[in-house]
Amino acid sequence: MQEHGVVHGKKIKFSKNDGRRATTYCKNCSWKVSTAVMLDKKTFQIRSMQDEHNCGRTFDHRLANSTFLVDRYKKELAAMADMKVSTLTDKMKTDVNVNISRWQAYRTKKKAASLVNGEHETQYNKLRNYCKEVKRDNPGSNVFMTTVENDEGEDRFERLYICLNACKTGFLSGCRPVVRLDGCHLRGPHKDVLLTAVGIDPNDQLYPIADAVGLIQTIQELLPDVEHRMCVRHMYNNFKKLHGGLTLKERIWALVKVPYKSLFKALMEALKAVDEGAFQ
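These numbers were taken from a predicted model, which means no experiment stands behind them.

Caption draft 1: Structural detail: the sheet that holds strand E6 (residues 155–163). Strand order in the open sheet formed by five strands is E5-E6-E9-E8-E7, with antiparallel pairing between adjacent strands. A strand with exactly one partner marks an edge of an open sheet, and here the two such strands are strand E5 (142–149) and strand E7 (180–186). On average, each strand axis in the sheet is tilted by 20 degrees relative to the strand beside it, whichever way the strands run. Pairing of E5 with E6 involves eight bridges; the strand directions are antiparallel. Bridge pairing in E6 places Val 143 opposite Ile 162. Strands in contact with helix H6 (residues 165–174) are E5, E6, strand E8 (192–200) and strand E9 (206–213); relative to E9, the strand with the most contacts, it is inclined by about 135 degrees.

Okay, here's the thing in structure tokens:
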């Protein structure tokens, strides 16, 4: 009933609303719905209904409160924890043609963050059981999780590593001796990075090897004698924050594609002449 009022722009009121029955009416016309809980106490039945409104639309009403907004947009707020207050007000205007104040939007964000944090903490508490299930159903797999103790003496999640036995044996028996490590920034209330190690199979396709959350990249320390290469796209995304523009972009990509050192040095000198900071 609350959603009906918000979506259709009607001033809905409740004359009765308890554990057994609810009667809802429109403040500006004859629209009215009466419902009652069935004997199984799991479903309700509409007993009577006058379902046609003959009043105009309202764009500002109290039904669009923070509780309603959290229930409607919780998934989106969880995925976009940094959503601006103005974005939420504009979204309500676009979606259901209702105006909400900045204060309403702010309270909605705060309440949604609290709910999402609680849900995430509940999921983190299940990680040990998840690790046991992975080991039980996938013999030979490597699963490691570590925790640290916080100031209150509670265990807090630190890192997680999973390498399924099938992925491990498949990589060793059929893939090229090349490992790529890619990082995906996790969104939501707990910021971290999901690292995925991937290989290349005989069909030149990506082959998943292992996943890790919270690990610091220490490849150089563990494997100092093998060749290392960095992803230029990731490097350039950091580079362009201070040195943007098409000219520098073209020079950077020309640099990373050169086949021999003398040309690389020449292009670096040319870059230095254009932008000393970019060269450094």
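Now that the structure is up, let's keep going.
Caption draft 2: A look at the nonpolar core. Core analysis: the biggest nonpolar cluster contains 23 residues, and Val 6, Met 92, Val 98 and Ile 100 have the highest contact counts within it. Elements supplying a minimum of two residues to this core: helix H2 (66–79), helix H3 (85–96) and helix H4 (102–124). Per element, the largest residue contribution to this core is five residues, and it comes from H2. Built from parts of two domains, this core gets at least three residues from each of domain 1 (1–62) and domain 2 (64–125).

Caption draft 3: Representation of a negative patch on the surface within the structure. Taken together, the side chains of Glu 149, Asp 151, Glu 152, Glu 154 and Asp 155 make up a negatively charged region of the molecular surface. Along the polypeptide, Glu 154 turns up in the loop between E5 and E6. With a relative accessible area of 43%, Glu 154 lands in the partly exposed category.

Caption draft 4: View of the packing of helix H9 (residues 246–256) against helix H10 (residues 261–274). Put simply, H9 and H10 touch, their axes get as near as 10 Å, and they point 165 degrees apart. With respect to each other, H9 and H10 are oriented roughly antiparallel. The way H9 lies across H10 gives a crossing that is left-handed. Residues Leu 248, Arg 251, Ile 252, Ala 254 and Leu 255 of H9 pack against Phe 264, Leu 267, Met 268, Ala 270, Leu 271 and Val 274 of H10. Each residue belonging to the contact of H9 with H10 can be placed in one class, and the counts come to ten nonpolar, no polar and one charged.

Caption draft 5: Layout of H9. The complete set of buried residues in H9 reads Leu 248, Ile 252 and Leu 255. End-on, the buried residues of H9 take up no more than an arc of 65 degrees, which puts them together on one face. Counted as exposed and oriented over 90 degrees from the buried face of H9: Leu 246 and Glu 250. Buried positions along H9 lie against helix H8 (232–239), H10 and helix H11 (276–279).

Criteria and cut-off values
Residues numbered from 1 in each chain as written. Predicted model: local features only at pLDDT ≥ 70, side-chain atom pairs only at ≥ 80, totals over all residues. Heavy atoms only, no water. Pairing = 2+ DSSP bridges. Helix = DSSP H or I, 4+ residues; strand = E, 2+ residues; numbered from the N terminus. Axes fitted to C-alpha atoms, helices over the stretch in contact; angles between N-to-C directions. Contact = heavy atoms within 4.5 Å. Core = buried A, V, L, I, M, F, W, Y, C linked by side-chain atoms within 4.5 Å. Buried < 20%, exposed > 50% of the residue type's maximum accessible area, 1.4 Å probe, protein only. Domains from an automatic or database assignment. Patch = residues over 30% accessible without salt bridge, like charges linked within 9 Å, V, L, I, M, F, W, Y side chains within 5 Å. Areas by Shrake-Rupley, 256 points an atom, 1.4 Å probe, with all protein chains shown as cover. Salt bridge = Lys/Arg side-chain N within 4 Å of Asp/Glu carboxyl O. Lys, Arg positive; Asp, Glu negative; His and termini not counted. Charge placed at Lys NZ, Arg CZ, Asp CG, Glu CD. Parallel < 35°, antiparallel > 145°, perpendicular 65-115°, else oblique. Left-handed = near helix turned anticlockwise from the far one by under 90°. Nonpolar A, V, L, I, M, F, W, Y, C, P; charged D, E, K, R; others polar. Arc of directions from axis to C-beta.

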